[in-house]
Amino acid sequence: MKIKILTLLFILSFNFCFSQIRDEKKNEIGVSIPLLLNNSNGVYYSLGNRRDPKGKALSYGINFNYTRKIFKGWFINIGAGYFMQSFNIVRPFNFNGDTVTNFLYSTKNYNYHCLAVNAGLGYNYAINNKVKLNGTASFNWLNSFKQSYDPNGQGPLYPNSNQINKKSLKVGHMVNLSTGVDYLLSERVSIGATIFVPVITKWENDEIFNESLFGNDSQKIAENRFSIGTMLSCKYHF
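Residues numbered from 1 in each chain as written. Predicted model: local features only at pLDDT ≥ 70, side-chain atom pairs only at ≥ 80, totals over all residues. Heavy atoms only, no water.

Draft legend 1. Seen up close, the side chain of S32. Secondary-structure assignment places S32 in strand β1 (residues 27–41). Excluding residues within four positions of it along the chain, S32 makes contact with G61, I62, N63, N65, M231, L232 and S233. (Helix = DSSP H or I, 4+ residues; strand = E, 2+ residues; numbered from the N terminus. Contact = heavy atoms within 4.5 Å.)

Here is the structure:
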């Protein structure tokens, strides 16, 4: 008899907890638009001397995300989307793969059209029934499927249009720390704004940049100096 009573109490408790979790709407799907202002430098060697030309550029994209509440205010999220990573850096490059006359050509800017994949862990803090503050640490991975290089300069030696390559290229990854606010428009829909800072950035190599005997970093896509971004989002809660 005691076993039956305990079993009944366990079932009732489980159903109550499940109904509470269900009412909390633990899941979210959403779309977000990130904008990133990156301050970077390239690397090349001239007569054995290391040069690091600098430049600022605006990168942007669109992500589709899924978020799952795991414990109280803690949540995890994963997402994927498109991101165009841009660099306004003047540096030598091998125009159309020509390594003989590459000293004639340099980039004005170059851009990577990327598949972006991200995953993160965050925390929500409710100010009231409408407003929540949040903080997130996320890992962001970029793989390019199209690359564009805009030559710098004018005259008969310079091409009239960008060089476009279409190949799979690992661009790099970032670890971002972000903070933001979400506002509930209705029971199921919210909008948000976030500020994020890449605290770790690693860019891979691109063979289009001139290889040097004086250093192993001349083909690196860039070196991050300081970047900061913002993101607007819209979420559906269920």
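Draft legend 2. Structural detail: the pairing of strand β10 (residues 189–203). By the bridge criterion, 13 bridges tie strand β9 (residues 169–184) to β10 in an arrangement that is antiparallel. Within β10, the residue paired with S178 across the bridge is F196. Where β9 folds back onto β10 in an antiparallel hairpin, the turn is made up of four residues. Summarising the sheet, β10 and strand β11 (residues 223–237) pair through eight bridges and their orientation is antiparallel. For T194, the partnering residue across the bridge sits in β11 and is M231. (Pairing = 2+ DSSP bridges.)

Draft legend 3. Structural view of the nonpolar core. Counting residues in each nonpolar core, the largest one holds 22 residues, and the members touching the most others are F87, Y110, Y112, L142, W203 and I221. The set of elements that each furnish at least two residues to this core consists of β5 (74–87), β6 (107–126), β7 (131–151), β9 and β10. Sorting elements by how many residues they give to this core places β6 first, with four residues. Excluding residues that lie within four positions of it along the chain, W203 makes contacts with Q85, F87, L142, V171, G172, M174, K220, I221, A222, E223 and N224. (Core = buried A, V, L, I, M, F, W, Y, C linked by side-chain atoms within 4.5 Å. Buried < 20%, exposed > 50% of the residue type's maximum accessible area, 1.4 Å probe, protein only.)

Draft legend 4. The arrangement of unusual backbone geometry in detail. Phi angles above zero are rare outside glycine, and L47 is one such case at about 55°. Looking at the secondary structure, you find L47 in the loop between β2 (44–46) and β3 (49–51). Under the relative-accessibility criterion, L47 is labelled exposed at 82%. Positive phi, close to 50°, is recorded for K72, a residue that is not glycine. Mapped onto the elements of the fold, K72 is located in the loop between β4 (54–71) and β5.

Draft legend 5. Molecular detail of the pairing of β9. Both β7 and β9 contribute to a ladder of 14 bridges, which runs antiparallel. Its bridge partner lying in β9, F139 is registered against V175.

Draft legend 6. Spatial organisation of the pattern of salt bridges. Scanning all chains against the criterion turns up eight salt bridges. Across the pair K235 and E28 runs a salt bridge whose closest N-O atoms are separated by 3.9 Å. One end of the pair, K235, is in strand β11; the other, E28, is in strand β1, and 207 residues separate them in sequence. As a salt-bridge pair, D150 and K108 come within 3.6 Å of each other at their nearest N and O atoms. (Salt bridge = Lys/Arg side-chain N within 4 Å of Asp/Glu carboxyl O.)

Draft legend 7. Highlighting the environment of G135. With respect to the helices and strands, the residue G135 is situated in strand β7. With a relative accessible area of 29%, G135 lands in the partly exposed category. With 42 residues separating them in the primary sequence, G135 and L177 have C-alpha atoms 7.5 Å apart. For G135, the residues in contact, after removing those within four places along its chain, are F75, L121, G122, Y123, S178 and T179.

Draft legend 8. Quick peek at the side chain of S212. Checked against the element boundaries, S212 lands in the loop between β10 and β11. Using a relative accessible area of 18% as the deciding quantity, one classes S212 as buried. There is a polar contact of 3.0 Å between the side chain of S212 and the backbone nitrogen of F214. In this view, S212 contacts Y45 and S218; residues no more than four positions away in its chain are not counted. (Polar contact = N/O pair within 3.5 Å; in protein donor to acceptor, adjacent residues only side chain to side chain.)

Draft legend 9. Inspection of the confidence of the model for the chain at higher detail. Per-residue confidence for the chain gives a mean pLDDT of 88; residues scoring 70 or more make up 84%. Below pLDDT 50 for its whole length, residues 6–23 participates in one contact with residues either more than four positions away or in separate chains. (pLDDT = per-residue confidence, 0-100.)

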